[in-house]
Each structure stands twice: as C-alpha cells, then as structure tokens.
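Architecture at a glance
As a plain string of letters, each chain reads:
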Amino acid sequence: MFDSEEESAFVILTAPMYHPHHYGGGGIGGIYSQWNVSSGTRHGTGKHFRGGWENLEPPASYGKKNGVWYASPGNQGWGSGAGPARLGRKPSVTEVDNMPSGSLKPSAGRVIRIINSHDHSVQCRVLLNLRTSQPFEEVLEDLGQVLKMIGAKKMYTSNGQEVRSFSQLRNEFAEVETFYLSNTPSLPVGALGPGVIPPSPGRRSRSRLGGSVPDDLSKTTARQRARSKSRPRVLYAPENELVRASSDYPLLDAMKEEPTRITIRGLRRTFYPPLHHPPIDNAPPDKKLSLFWVHGYRGIDSKRNLWVLPSGELLYYVAAVAVLYDREEDAQRHYTGHTEDIMCMEVHPSRELVGSGQRAGRDRKSQAHVRIWSTESLQTLYVFGMGELDSGVIAVAFSQLNGGSYILAVDAGRESILSVWQWQWGHLLGKVATLQEGIWGATFHPLDDNLLITHGRGHLAFWHRRKDGFFEKTDIIKPPSRTFVTCVQFEPDGDVITADSDGFITIYSVDADGAYFVRMEFEAHNKAISCLVMLSEGTLISGGEKDRKIAAWDSLQNYKRITDIKLPESAGGVRSIYPQRPGRNDGNIYVGTTRNNILEGSLQRRFNQVIFGHGKHLWALAAHPDDEVFATGGHDKYVALWRRQKLIWTTSVGYEIIALAFHPYGAALAAGSSEGHLIVINAENGATMLTIRVCGSPLNAVEFNQVGDMIAIGSQNGSIYLFRVSRDGFSYKKINKIRGSQPLTHLDWSSEGNFLQSVTVDFDLLFWDVKSLSPEKSPIAMKDVKWMTSNCTVGFLVAGLWNNRYYPAPSNTIITTTARTAAQDLVAAGDADGYLRLFRYPCITPRAEFTEAKVYSGTLAAVKFLYGNHSLVTVGGTDASLMIWELTEE
C-alpha cells in the first residue's frame, strides 16, 4: 500500500472525497491531489507529498463511459498491478470504509477506528500509514481535528493502555482495531466505559521517542501544524458522516462484537456484524402461531381420505393436520395432535371418533403411532403404538360388531406387521409379520371381528386371529400375481368386492366349507380403480383414477351399469368418494381427486369445485405489498391468487412455476418457471401479459427492487439476470446479467437498490454489485448494507436460526426459507424437517428462543408474512399444502 517513508500519514475513510467520480481534493496529510490518468502521476494543488494515492491499489480494468466510471465485471477488491495500468478510479466510500485491516501489510498501513474519549458518539475510521515521516504526536493532533477535538495528545486502547508510537501500532497493538483520543494529560475515569482503569501517568513507553518530545521536534511539529490550518474543511469528516450511537444500543458494544461462525453441512461459515443493529433479545416472541386455514386436499399420493361427519362437516387430512370443514359456515376446525404427516385415517362406527396414524419422524417425540380423538372436542383420547410401530402406519380400521372396540394397524416397515389393539386400554391383542411388500390397505370383515383382510400389490389375504393371539393366513391371490388390489368393499351378506389396477371389479363368495371363490368379475374402468363405495340401497359406486370416470352399478341385478360421468381433466382422477348425506338415497356425493381438489355433485348433474388445491409440488409464494392477498404457483402449471380463505382466481400459464414476486405497486405478478421463462401476470384478473425466455435453467428466485423499476432473477446456472421494468410492471427490457457459478435459491435487494445478496444451494452467502455488474468478493465490505427483505436464509442477523440449542436432536437442522415482518421485529423460518418457527428479529445467537408448529414432514418450501403482519402463509413443497397462520398474543 505505502512504498515511501514520506507518504501522507493517514486517509479519512468516511470523507466524501472518495466518491468514485471525484478525482481531486485537498486535506490532511497531503491527500488533496489531482490525478493525471494518462501518465499515472498526480499534480498536487495543496502541499505536495510523494505518497498519497499513487500507491493505493484500486480494482483493475476500469473504463469510462458517458462520463461515468465503471468497473469491468470480475474485477473486485484491490488490484495487484502498478503504474498507469491500474490508475482507473479511487476506491468508493463503501469499498474503502469496509476494507478489513487484515488486507494491508502490518508494516505498511492499518485501518483503525478512532473515538473521541469525551464523546463516544463521535468516531471515525482511518487508513493509517505506519511508514510516514510525520511525528506520531502531530498525527494525533490531526486525528483529533477529525473528531472535533482540539489539541489531541494521547491515544489509548479500549482497556486503557497508552499508545505512544507507530511501532506499538505495528507490533504490540497489531490486533487492536479501536483506539480512543484524549486532549488531556491523563484519561479521566469512565472515559473508556465502565470498569476500565485509566493508565498510570508514570508508565514508560517502549517507543524510541520516550515520554517527551525534543525541542527541535516540537518546533518542526509547530511549523507543520501551522500549515495545516489552511486545509479545506471539506476533507474533515462532516457531521452527517460521523457515526452517532443510538440511545438504546451502546456504540462500544457494537464495535466489540465478533463475527459469527456457524457450521452448515460440515462447512464453517463466517458472517460479520453490522455496526448498528437492534439489541440482542433471546426471549421468545410475544406472538404465537395459530393455524387459521388449510387450503387444498391430499389426493396426490394418499388413499381413501374423505368422510362426512354427522355435523355435516367434511373430514380429510393435509400434511399433519386433520381438517374439519363446514361449508355452510365457511369455517374450519383443525386437529393438530400429530407431529408428522398423517398416512391413514378411519372414522369410528359411532362417527364421533377418529383413528389416525402417522409416519415416523427423526426424534423420539415423532415416533410412528395411532391417535384416537374426538370430532366434537378435538381432544386426543388415546395414543398407542409408540415403540411398537416402526416407520409409519399405512392402514387403520375399526371393528364393526363389538362397537368398534378393536382397531388394526399395519406398519410401513419391511415386515409390514399387522397388529390388533383394544384401543380403550392400549392393549395389544396380537400381531403378525405379513412379509408383504406394497400393502395398500387393511380392514375388518363386517361380520367377524376376528377376520382381517389385507390387500395391495399382488396380494389379497385373509387373517383369522385366534384366541391365543396367533393368526392363520389364507391367500386369496397368491404370488407372483401382478394384480394390484387397490380397494375392498363388502356386500350386505358378507361377500367381498375388490377392485384392481387393471380396472376390474371382482366379487368373492364363500362356499359351504368356508373357502372363498370368484363369483364374478367384470371390467369397470380403463386402468386403475381407486375407490369403491356401497350405498345403503345396494348401489355400488366406483371411481377411476386414470379415466376420471365415476360409475354406478346395481348389485341386485348382477352389477348392471346404471350410469357414469366423467370429471373434467383439470380436476384430475378420482381418489375418494363419500355420500354427502350418508344413509340418504339422493345420489349426491363428494369426490376427492388426484389433483388435490374436492368436488360435489351427482351422476345426474355436473360437479362443482368445493376446494381447490395445487395438483403437484408447490414451491412459489408471494405476498401482496399493500393487501392481505397472496399468490401461489406450482408444478401443476397453475398460478392462483388468494385472499385468506377465499380463492380469487386461478390461471394456467403452461409452465411449472417455482418463483413468484409482486411488483411494488401490486398490479403485476412475475413468475419464474423451471424451464427458464419469466411470465408476467395481471394480478387483477390472472391474464398472462408477457412471457420472456430468460435462459435454459430454472429461475429459482424473482425479486423487484424497492421502487419497482428493476427486477433480479436468480437462476439455477448461478447467474443473476437484470431487467428494466416499466412503471406499471408490465413491460420488461433486459439490461444485463451478473455471471455466477453456483445455483441460487434466494435473493434480497438492498434498500437503495445498488446491491443484491443471494444464497446458493450449498448455503453460501454471495453479494453482487448491480451497477458494476460484478460479484462483491469481500463480505466484510457489505456488513452495513441494509436489505429490503430477509429471504436469504444465512447471514449475521439470522445466524441464530442455525444450530439452535433448543432444536430437537439431532440438531443438524437445514433452514430452507425465512421471512421478516415489515416492522423488522419478527422473523419466521421453515426447515427441511417441516418445522415452522417464529423468532424475534434479529436472531443472532443460538440461544434465541422461539415458538413453533410442526404440521409438515417434508421440506417447508416458503413462508411469507401478509400485509399488516397479522398472519403468515406457508407452502409445503412436495405435498402441495397451503396453510395460513394467525399471529396471536401469548
């Protein structure tokens, strides 16, 4: 940095002269100078020094265009060249002010912070030349003028040690970055903060100059100081450049903060603290999460999962939540006793109780088990299977004859264990390893509580439970059959009705010896049949998963087809069917579909949509800037707009949507697709206004800047694409792109719109300069930048979200999504295990407490606070679930 012993003493890093457009000025220590770019020399207009800025190493390869200096992409930090080739521009305020002291040779120069010991709110950062020929005492006085202190005489460290020479700065205090200046012979008590003892006046320094200044040196110092009176005041740190400490957060504490280091996937990452941020508060937030509404229906990968309760409520499950939906009141109730996704459910014969089984999680609290709960009070009555069930429960069923006192459960483990319980007492009555792969369901025979039927891939078996608890097995379909039995029903006389993946319905009767045989078989659908329902009057209803048909069959007339109807393609195939009014023969039914919709209608009239859900993976979520409205986009190529529990519109855009963002004015909605397209949608009516091919890689992140005149698009190929946006948000013009190499997942704009920060798939935090179109390679230089949002999942202000001490073991939690309130007092985080947590913001330490909810088993894909910060929205990724949460007082 400094090559000459006669160079200027220091550079004021907060002075405005270092704007990249200013190439001249004057000031302390010969900094006032003018560049000759062509020759690489400087013509001083004040006192001439041979050092100055000739030897500062600016970024290489800068050019001038339209009167403005720009950095070429890829050149960041300090260059390594010399001479004219590297005389492009002086470092900007941001680049110099945030330059780490470690980037300079200790023998040449250092970046230090100086503080007025009489007023700690006055402080400044300077680049100090340790090779200057200026006496140390004169440098102290000049530094004092920067801090509005007349006649500064002493410099101290934060623990009270006096600094008397450049050699001490170079050696003894090489690791110290903060120093205090005083204009009194001794430092008064309390000048360095509470608990710091002032130094003794008699302490000797190891400096060659000792404790006094020779007369000839004092005269020289006086002459040089007299000349400094004519220096222009513009180079002194102006009042608005001096950092003032806020009343609620001591400046001294901020400067003593250390960088935060966290380990993510075995790699250690360092995040630097900003100079000012709110105080650390590890207390849990004063709000709690209350589930308000669940959109959608889990038909994409589940079995029979739709019922109607005596209250008229629809019962179904989504993720780990059992939903009870009252259509007349347009209200929902939720049973949230499960800690992992519900895999199966059955209603008790009384229709007042429900048995539901869940999959296993990673900790002891989320083991696979079955819960019995009340549909009236939503209270858990019984829990059983903890420690007995392995990886999950794939089937539950109540017995019929004894009032539903027995319940069966099939484990999803390798042995597919079938167990029978007397659930009121939690007694295990018997279990057997079926050793069947691909079991799809199980049930009790309606006329025999000791006869159980299991079915699945190449499998249909009867299990008779003896009094000693052992089971006798009868294979109805023997391996290696390719028939996939998808569902089982019963005739009133006990004959068994099955449906399979080939579209056939088969009826089994029993002979005089008790052996079952095929009474009849017929083709009912094209390919798989997903459900069978026997109505009270003897009509059998079947639903096709592939052909989307619902057919009615008269069981009293040898299963003659009565009628059928086909669902629209947008609704999907049939997953589950249930009568709207059980026991009544009005023909009205509810239909759950494979695209996560619920329809209502009958075979004599068309079907209407009751519940809409995205039909495939759901990753994209955006909140409206000034209304309680939000948008979602999924792999089903649909974009939907919602107002809390109301669906406003849906539109098919023709591409899989993985990212969404509202224009700041709210009229336009930008969507990024997995094929690399940017789709612009009118938020008023869902009309597609514009489609742009950005690149050939997925567009994982889409964000507008604060004023809405530019949009940044983060791609799977690692680059960020920038587009100029019209005022209404409907016209786009590509500006350029910033090249990167790692796939990006999240983006944040800086408040002033000059920078971007992004997170990669490996959880690296990257920074980008929008004006120079280049990556910013120095994280410490970006530590004081204010960010408009907090989408990025890593950083100093959200470091407490990682490796938190209160997380359940194992604690290798991966944070997948974050969001911050507009008031910047709360931050919500979702992780790869399905936890939704609410923290105070900033969340800096791993001791931060939180409130949490666990309703997902897979990755929580996105979370957003709605306008007003009274509620937030989450989407569940692979299960396409969509939930709204209210923030309520503790």
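- As recorded in an unreviewed UniProt entry, the chain goes by Doublecortin domain-containing protein and comes from Anopheles melas.
- Regarding the chain, the UniProt comment filed under Sequence similarities (unreviewed entry) reads as follows: "Belongs to the WD repeat EMAP family."

Details of the pattern of salt bridges
- By the definition in use, this model includes 29 salt bridges.
- Between Arg-298 and Asp-341 there is a salt bridge, with its nearest N and O atoms 3.1 Å apart. On the criterion of sequence distance, the pair formed by Arg-298 in the loop between strand 13 (287-295) and strand 14 (307-308) and Asp-341 in the loop between strand 17 (331-335) and strand 18 (342-347) is long-range, its members being 43 residues apart.
- A relative accessible area of 7% places Asp-341 in the buried class.
- Between Arg-837 and Glu-852 there is a salt bridge, with the nearest N and O atoms lying 3.0 Å from each other. With Arg-837 in strand 60 (residues 835-840) and Glu-852 in strand 61 (residues 851-854), this pair connects stretches of sequence that are 15 residues apart.

Some words on the nonpolar core
- Core analysis: the largest hydrophobic core is formed by 61 residues, its most contacted members being Tyr-316 and Met-883.
- Ranked by size, the runner-up nonpolar core spans 29 residues in total, among them Ala-799, Leu-801, Cys-843 and Phe-850.

Remarks on the sheet that holds strand 16 (residues 321-326)
- One open sheet holds the four strands; their spatial order is 14-15-16-17, and the pairing between them is antiparallel. One side of each edge strand has no neighbouring strand; the edge strands of this open sheet are strand 14 and strand 17.
- By the bridge criterion, five bridges tie strand 16 to strand 17 in an arrangement that is antiparallel. The residue bridging Asp-326 from the neighbouring strand is Ala-331, located in strand 17.

Regarding the UniProt feature "repeat: WD" (unreviewed entry) in the chain
- The positions UniProt marks with the feature "repeat: WD" (unreviewed entry) are residues 522-554 and 611-642.
- For the annotated span residues 522-554, helix accounts for 0% and strand for 61% of the residues, and the straight-line distance between the end C-alpha atoms is 13 Å.
- Secondary structure across residues 611-642 divides into 0% helix and 53% strand, with the first and last C-alpha atoms of the span separated by 13 Å.

Observations regarding the packing of aromatic side chains
- Scanning all chains against the criterion turns up 20 aromatic pairs.
- When the ring of Trp-440 is compared with that of Phe-484, the centres are 5.9 Å apart and the planes differ by 80°; the resulting orientation is edge-to-face. Here Trp-440 is found in strand 26 (residues 439-445), whereas its partner Phe-484 is found in the loop between strand 29 (471-477) and strand 30 (485-490), with 44 residues between them in sequence.
- Take Trp-440: its relative accessible area is 29%, and that puts it in the partly exposed class.
- Phe-484 gets classed as buried once you look at its relative accessible area, which sits at 17%.
- Taken together, a centroid distance of 6.0 Å and an interplanar angle of 25° make the contact between Phe-767 and Trp-787 stacked. Of this pair, Phe-767 sits in strand 56 (residues 765-769) while Trp-787 sits in the loop between strand 57 (774-776) and strand 58 (815-820), and the two are 20 residues apart along the sequence.
- With relative accessibility at 8%, the residue Phe-767 sits in the buried group.

So, the environment of Ala-623
- By the element assignment, Ala-623 lies in strand 42 (residues 618-623).
- According to the relative accessible area criterion, Ala-623 is partly exposed, its value standing at 23%.
- Taking the C-alpha atoms as reference points, Ala-623 and Trp-642, 19 residues apart in sequence, are found 9.8 Å from one another.
- If near-sequence neighbours (up to four positions away) are discounted, Ala-623 is found in contact with Val-629, Phe-630, Phe-662, Lys-864, Phe-865 and Leu-866.

Describing the side chain of Glu-703
- The residue Glu-703 is located in strand 50 (residues 699-704) in this model.
- Buried and without a salt bridge, Glu-703 has Lys-864 as its closest oppositely charged side chain, separated by 4.5 Å.
- With near-sequence residues (within four places) excluded, Glu-703 lies in contact with Ala-661, Met-710, Ile-711, Ala-712, Leu-747, Trp-749, Asn-791 and Lys-864.

Overview of empty space enclosed by the protein
- Counted according to the given criterion, the structure contains five cavities of 30 Å³ or more.
- Empty space within the second largest cavity amounts to approximately 50 Å³.
- Together, Leu-535, Glu-537, Pro-579, Arg-584, Asn-585, Asp-586, Gly-587, Asn-588 and Ile-589 line the second largest cavity.
- Looking at the lining of the second largest cavity residue by residue, the classes come out as three nonpolar, three polar and three charged.

What about the environment of Pro-779?
- Tracing the backbone through its elements, the reader meets Pro-779 in the loop between strand 57 and strand 58.
- Ignoring any residue separated from it by four or fewer positions in sequence, one finds Pro-779 in contact with Tyr-272 and Phe-767.

Here's the deal with the state of the cysteines
- Using the criterion set out here, one finds zero disulfides in the structure.
- In this structure Cys-487 is not part of a disulfide, and its nearest cysteine sulfur, from Cys-531, lies 6.5 Å away.
- For Cys-531, a relative accessible area of 6% corresponds to the buried category.

A closer look at the side chain of Glu-776
- In this fold, Glu-776 is placed in strand 57.
- Relative accessible area serves as the criterion here: at 13%, Glu-776 is assigned to the buried category.
- Of note is the side chain of Glu-776, whose polar atom sits 3.2 Å from the backbone nitrogen of Ser-778.

Let's talk about the sheet that holds strand 50
- Sheet architecture is open: four strands sit in the order 50-51-52-53, paired in antiparallel fashion. Strand pairing shows two members of the sheet lacking a second neighbour, strand 50 and strand 53 (732-738), which therefore form its edges. Neighbour-to-neighbour, the strand axes of the sheet open up by a mean angle of 20°, direction not taken into account.
- Where strand 52 (residues 720-725) meets strand 53, six bridges bridge the pair, whose relative direction is antiparallel. Note that in strand 53 the partner of Phe-723 across the bridge is Lys-734.

The rules behind the values
- Residues numbered from 1 in each chain as written.
- Predicted model: local features only at pLDDT ≥ 70, side-chain atom pairs only at ≥ 80, totals over all residues.
- Heavy atoms only, no water.
- UniProt positions renumbered as here; feature names shortened; annotations may be inferred.
- Salt bridge = Lys/Arg side-chain N within 4 Å of Asp/Glu carboxyl O.
- Helix = DSSP H or I, 4+ residues; strand = E, 2+ residues; numbered from the N terminus.
- Buried < 20%, exposed > 50% of the residue type's maximum accessible area, 1.4 Å probe, protein only.
- Core = buried A, V, L, I, M, F, W, Y, C linked by side-chain atoms within 4.5 Å.
- Pairing = 2+ DSSP bridges.
- Phe/Tyr/Trp six-rings, centres within 6.5 Å; stacked < 30°, edge-to-face > 60°.
- Contact = heavy atoms within 4.5 Å.
- Lys, Arg positive; Asp, Glu negative; His and termini not counted.
- 1 Å grid on protein atoms, 1.4 Å probe; cavity = no way out; pocket = protein on both sides within 12 Å on 5 of 7 lines; lining within 4 Å.
- Points joined across faces, edges and corners; volume = space filled by probe spheres on them.
- Nonpolar A, V, L, I, M, F, W, Y, C, P; charged D, E, K, R; others polar.
- Disulfide = S-S within 2.5 Å.
- Polar contact = N/O pair within 3.5 Å; in protein donor to acceptor, adjacent residues only side chain to side chain.
- Axes fitted to C-alpha atoms, helices over the stretch in contact; angles between N-to-C directions.

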